[in-house]
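# Descriptive structure summary
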Amino acid sequence: MLKLNVKNETSTLKKVVLGIANSNGPTPTPEEAYDPKSLEHILAGTYPLEQDMVAEMTAFEKVLKKYGVDVLRPRIIPNLNQIFTRDIGFVIDDCFIKSNILPDRAEEWNAIDYIIEQIDKSRFIIPPEEVHIEGGDVILWNEYIFVGCYYGEDYSSLNTARTNRAGVEFLKELFPHKNVIDCDLIKSMTDPRANALHLDCCFQPVGYDKAIVFKGGFRDQKSYNIIREIFGEENLFHISADDMYEMYSNIFSISPQVVVSERNFHKLNTWLESNGFIVEKVPYYEIGKQEGLLRCSTLPLVRES
């Protein structure tokens, strides 16, 4: 039986599901795009090639294994994008919560059934149909659960709105001992610099007390103010709309000391190293064209307490 344990974003990682880019399928049509950045590259003819994405994920897997992480991969379903495992489920404490994802992506779930079978059924949670929530919107920080959401009246018409008010309330009821903080995010179907697809596109804790944040990613500034209060102004690395577009906050922590980052994030990587972090730099630019990066393509199952 698989004993789950994830309480924050940075404790030493022991077991993770890493997405897979093999047999990723043809380039989507503009009508099939889920987000404005993918749409931008589809229209420009610069959408990433499978061979490049496979190479990038292989580089990431190599770093994870270097640090002794047990890396699980989804079964390959032909012609299906299975890179972003963070969307399909997430772990809080010792519970695995299945995401209610976009209907067009439901098939991705079948590729990790062999992992789900190892989880105690009492710790496997399927939210009600009206609860919309994806793992990219759920950021754990010990007693805090930050939840990216969208409270606009046009929620149902936006593919980029992935977590609703019912999702926030569901987590509050499920984890009454936690402090659940809702973060109402900016959304756009046309401008990737004005679209925080998930919370991890504009906020990410690192180490023991630091965080990366894009203040402009929040529709309600009280969310940003809470983050600033918890982490302290001096511990925040502020990013711009252009940085969010490049996915600066979507890095991934293997431990409180070790961070995996895109090799071209020069100013962020310099800041991390100046604060004592070991930064493992990998190529992930092509995958980033789909408005997801390192955190998006991981589903942590076990971190040390």
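Scroll up to find the structure.
No experiment lies behind these values; they were computed from the predicted model shown.

A few words now on the packing of aromatic side chains. Aromatic ring pairs are reported here in terms of the distance separating the ring centres and the angle at which the planes meet. Tallying each qualifying case throughout the model produces eleven aromatic pairs. Among the aromatic residues, ring-to-ring pairing joins W141, Y144, F146, F203 and F231 into one connected group. Of note, K37 hangs over the ring of Y245, and the distance from its end group to the ring centre comes to 4.4 Å. Over the ring of Y151 we find R165; its NZ or CZ atom is 3.8 Å from the centre of that ring.

Further remarks concern the layout of surface pockets. The volume enclosed by the largest pocket comes to roughly 580 Å³. In terms of lining, the largest pocket is formed by 26 residues, of which the most central are P28, E32, Y34, Y47 and N81. Here the residues of the lining of the largest pocket sort into nine nonpolar, eight polar and nine charged.

Taken as a whole and judged by the stated rule, the model has 20 salt bridges. For K281, the salt bridge goes to E273, with nearest N and O atoms at 2.6 Å. The class of K281 is partly exposed, set by a relative accessible area of 40%. By relative accessible area, which is 40% here, E273 ends up partly exposed. Each of K7, D93 and K178 takes part in a single network of salt bridges with overlapping partners.

Looking now at the sheet that holds strand β3 (residues 89-92). Spatially, β3-β4-β5 is the arrangement adopted by the three strands of the open sheet, whose pairing is mixed. Strands at the two margins of the open sheet, each flanked by one partner only, are β3 and β5 (124-125). Of the pairings in the sheet, the one linking β3 to strand β4 (residues 95-98) comprises four bridges and is antiparallel in character. Along β4, the bridge assignment pairs I92 with C95. Of the strands in this sheet, β3, β4 and β5 are in contact with helix α4 (residues 165-174), which crosses β4 at around 160°.

Another point: empty space enclosed by the protein. A probe as big as a water molecule, rolled over the atoms, marks out the empty space that is left. Taken as a whole and judged by the stated rule, the model has three cavities of 30 Å³ or more. When its volume is computed, the largest cavity comes out at roughly 100 Å³. In terms of lining residues, the largest cavity is bounded by 14 residues, among which V6, R86, F90, V91 and R295 are the most central. Mapped by element, the contributors of at least two residues to the lining of the largest cavity are β3, β6 (138-141) and β15 (298-303). Considered class by class, the residues forming the lining of the largest cavity number seven nonpolar, three polar and four charged. Within this model, the second largest cavity holds a volume of roughly 40 Å³. The wall of the second largest cavity is formed by P74, Q82, F84, T85, I88, E108, A111 and I112. The class makeup of the residues in the lining of the second largest cavity is five nonpolar, two polar and one charged.

Thresholds applied
Residues numbered from 1 in each chain as written. Predicted model: local features only at pLDDT ≥ 70, side-chain atom pairs only at ≥ 80, totals over all residues. Heavy atoms only, no water. Phe/Tyr/Trp six-rings, centres within 6.5 Å; stacked < 30°, edge-to-face > 60°. Lys NZ or Arg CZ within 6 Å of the ring centre and 35° of its normal. 1 Å grid on protein atoms, 1.4 Å probe; cavity = no way out; pocket = protein on both sides within 12 Å on 5 of 7 lines; lining within 4 Å. Points joined across faces, edges and corners; volume = space filled by probe spheres on them. Nonpolar A, V, L, I, M, F, W, Y, C, P; charged D, E, K, R; others polar. Salt bridge = Lys/Arg side-chain N within 4 Å of Asp/Glu carboxyl O. Buried < 20%, exposed > 50% of the residue type's maximum accessible area, 1.4 Å probe, protein only. Pairing = 2+ DSSP bridges. Helix = DSSP H or I, 4+ residues; strand = E, 2+ residues; numbered from the N terminus. Contact = heavy atoms within 4.5 Å. Axes fitted to C-alpha atoms, helices over the stretch in contact; angles between N-to-C directions.

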